Amino acid sequence: MTEQIPSASAAAAGKDTDRLPPARFAYDRHTWKEIAHLLANLPAALLGFVYVVTVLSVGAFLTVTVIGFPLLAAGLLGARQLGRLERARARMLLGVRVDEPSPLPRRGAGGFLPRLWMALKDPVGWRTALYDFIRLPWGILTFTLTLTSLFVLWPVLPFIARGLANADRAMVRGLLSPSDELERRIAELESDRGVVVDTAAADLRRIERDLHDGAQARLVNLAMGLGLAKEKLLEDPVYAAAMVDEAHGEVKLALQELRDLARGIHPAVLTDRGLDAALSSVASRCTVPVKVTVDLAARPAEAIEGIAYFTVSELLQNVSKHSAAKSASVDVWRSEDRLLIQVADDGRGGAGFDGGTGMRGLAERLGAVDGLFVVDSPEGGPTVVTAELPWRDRQR
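None of these values were measured; they are calculated from a predicted model.

Thresholds, definitions, all that
Residues numbered from 1 in each chain as written. Predicted model: local features only at pLDDT ≥ 70, side-chain atom pairs only at ≥ 80, totals over all residues. Heavy atoms only, no water. Helix = DSSP H or I, 4+ residues; strand = E, 2+ residues; numbered from the N terminus. Buried < 20%, exposed > 50% of the residue type's maximum accessible area, 1.4 Å probe, protein only. Contact = heavy atoms within 4.5 Å. Areas by Shrake-Rupley, 256 points an atom, 1.4 Å probe, with all protein chains shown as cover. Core = buried A, V, L, I, M, F, W, Y, C linked by side-chain atoms within 4.5 Å. pLDDT = per-residue confidence, 0-100. Pairing = 2+ DSSP bridges. Right-handed = clockwise from strand over helix to strand, strands pointing away. Salt bridge = Lys/Arg side-chain N within 4 Å of Asp/Glu carboxyl O. Polar contact = N/O pair within 3.5 Å; in protein donor to acceptor, adjacent residues only side chain to side chain. 1 Å grid on protein atoms, 1.4 Å probe; cavity = no way out; pocket = protein on both sides within 12 Å on 5 of 7 lines; lining within 4 Å. Points joined across faces, edges and corners; volume = space filled by probe spheres on them. Nonpolar A, V, L, I, M, F, W, Y, C, P; charged D, E, K, R; others polar. Expected span 1.5 Å × (residues − 1). Bend = angle between axes of the 7 residues up to and from the residue.

**A few points about the overall build of the protein**
Piece 1. Looking only at helices and strands, the protein has 12 helices and five strands in total.
Piece 2. When the 396 residues of the protein are sorted by exposure, 34% land in the buried category.
Piece 3. Relative to all contacts within the protein whose residues are 6 or more apart in sequence, the contacts with residues 24 or more apart total 70%.
Piece 4. As displayed, the protein has an accessible area near 24,500 Å², and 62% of this comes from carbon and sulfur atoms.

Here it is in structure tokens:
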């Protein structure tokens, strides 16, 4: 029976295995920050609790008087500031990165009463008040337990501090952090509201300009021509008849301009027969052959139908003016709760949001109603524009 002699490397490995890990100080910088936060919980909780109970209870009690609701609203605004201090303390001592909620709008609220109501229903203020109200017993518990552990349970204090600090982190994230989805939605709605207002104002200016420069000017000339014809009726009937003929032509042109203007506001064929007939009418005026396919079992709401019509109309105008295409197609269909529109052409491509305000304006209009607008137009073509609108059923 032979016996192997262990090598020097194996002996060294055995010694390394038997060696204890190096000592490390348990109270590092992060632990001391957590301990400081837990000890500061009591004074911070006392301040928040006294503020919430005093200001909000007095404001709620005085709501039977004139000053009650303004005092309650001011108390909620003050609670917002306390929440900001708590977020800063958690960020500095616990390393919790919590975004600041959006401030209440100061402009465009419509006066004192709307601003007062906005402050009274502020969810950030109420959640901060709830946070300050429930923190007093927690502040007493964390202060007492941390201070006692410093002298009695100091070997396990880092673990206790970590557990209590994690509970604090959860409360800060749960009650003092803004709702990401809500904040995003509020920002989108504020932006969309501005787009809708600007679009409506631009449409009104366009209609006013078209009426002033087009039909109104022709009607003024018509009135002047008929007045002159009336004066010349007895003196020179032939000249008067020629002026009446000219006025008749002006009437036809004015009527055509009024029809075009009415079609630009809302075409009658869209109201009477729906998207299929209206888009076919638009396609017939395009300078290239357009194939229109509308696959809808029912008509959408009037507003959605109108946006879809004007989107296709604007895109087909771009095809006529800029694409140099030989053919184009329009497809409209419904997919679950969305109305999809696709306009394609075999032109030279290069369309995008940088070429002018047309595409950008369409994207803003669709975005204002929770729609999407995607342009795929490489150089050399083809161009495919996809628009997506929310489906809403038509009211009977």
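**Considering the nonpolar core**
Piece 1. Formed by 33 residues in total, the largest nonpolar core has its most connected members in Leu-279, Val-290, Leu-316, Val-330, Val-332, Ile-341 and Phe-373.
Piece 2. Broken down by secondary-structure element, the contributors of at least two residues to this core are helix H10 (275–284), strand E1 (290–295), helix H11 (302–323), strand E2 (328–335), strand E3 (338–345), helix H12 (357–367), strand E4 (372–376) and strand E5 (383–390).
Piece 3. For this core, the leading source of residues is H11, giving seven residues.
Piece 4. Excluding its chain neighbours within four sequence positions, the residues that come into contact with Leu-279 are Val-292, Val-294, Tyr-309, Val-312, Val-330 and Val-332.
Piece 5. Formed by 16 residues, the second largest nonpolar core is a distinct cluster that contains Ile-35, Ala-90, Tyr-131 and Ala-165.

**A few points about the confidence of the model for the protein**
Reading fine detail from the predicted coordinates is not recommended where pLDDT is low.
Piece 1. On average, residues of the protein score 77 in pLDDT, and 76% of them reach the 70 mark or higher.
Piece 2. With pLDDT under 50 throughout, residues 1–18 is counted as low confidence; its partners more than four residues away or in other chains account for zero contacts.

**With respect to the pairing of E1**
Piece 1. Pairing analysis gives six bridges linking E1 to E2, with the strands arranged parallel. Residue pairing for E2: Val-292 is matched across the bridge by Val-330.
Piece 2. Handedness of the crossover joining E1 and E2 through H11 is recorded here as left-handed.

**Observations concerning the environment of Phe-49**
Piece 1. If you trace the backbone, Phe-49 turns up in helix H2 (residues 29–61).
Piece 2. With 86 residues separating them in the primary sequence, Phe-49 and Arg-135 have C-alpha atoms 7.4 Å apart.
Piece 3. Apart from residues no more than four positions distant in its own chain, Phe-49 is found in contact with Asp-132, Phe-133 and Leu-136.

**Things to note about the pattern of salt bridges**
Piece 1. Across all of its chains, the model carries seven salt bridges by this definition.
Piece 2. Between Arg-89 and Glu-86 there is a salt bridge, with its nearest N and O atoms 3.0 Å apart. Within this pair, Arg-89 and its partner Glu-86 are both found in helix H3 (residues 68–93), separated by three residues, close to a single helical turn. The burial state of Arg-89 is the same as that of Glu-86; both residues are buried.
Piece 3. Taking the shortest distance from any N to any O, the salt bridge between Arg-299 and Glu-305 comes out at 2.9 Å.

**Brief notes about the side chain of Arg-89**
Piece 1. Judged by its relative accessible area of 12%, Arg-89 falls in the buried class.
Piece 2. At 3.0 Å, the side chain of Arg-89 and the side chain of Glu-86 are in polar contact.
Piece 3. What Arg-89 contacts, discounting residues up to four positions off in sequence, is His-37, Ala-40, Asn-41, Ala-44, Leu-94 and Arg-135.

**Focus: unusual backbone geometry**
Outside of glycine, negative phi angles account for most residues, and trans bonds account for most peptide bonds.
Piece 1. Phi at Ala-324 takes a positive value of approximately 55°, unusual for a residue other than glycine.
Piece 2. Relative to the helices and strands, Ala-324 resides in the loop between H11 and E2.
Piece 3. What makes Ala-324 exposed here is its relative accessible area of 59%.
Piece 4. For Glu-336, which is not glycine, the phi dihedral falls at a positive 55°.
Piece 5. Considering the arrangement of structural elements, one finds Glu-336 in the loop between E2 and E3.
Piece 6. A relative accessible area of 70% means that Glu-336 is categorised as exposed.

**Points about empty space enclosed by the protein**
Piece 1. Scanning the model with the defined rule gives one cavity of 30 Å³ or more in all.
Piece 2. Looking at the largest cavity, the residues that line it are Asn-41, Ala-44, Ala-45, Glu-86, Arg-89, Tyr-131, Asp-132 and Arg-135.
Piece 3. Looking at the lining of the largest cavity, the elements that each hand over two or more residues are H2, H3 and helix H5 (123–151).
Piece 4. Across the lining of the largest cavity, the residue classes break down as three nonpolar, one polar and four charged.

**Some details on H5**
Piece 1. Taking 1.5 Å as the rise per residue, H5 with 29 residues should run 42 Å; its terminal C-alpha atoms sit 42 Å apart, in good agreement.
Piece 2. Of all bends in H5, the biggest is about 45°, found at Arg-135, and the proline Pro-137 comes one to four residues later.
Piece 3. The opening residue of H5, the one whose side-chain oxygen lies 3.2 Å from the backbone nitrogen of Val-124, is Asp-122.

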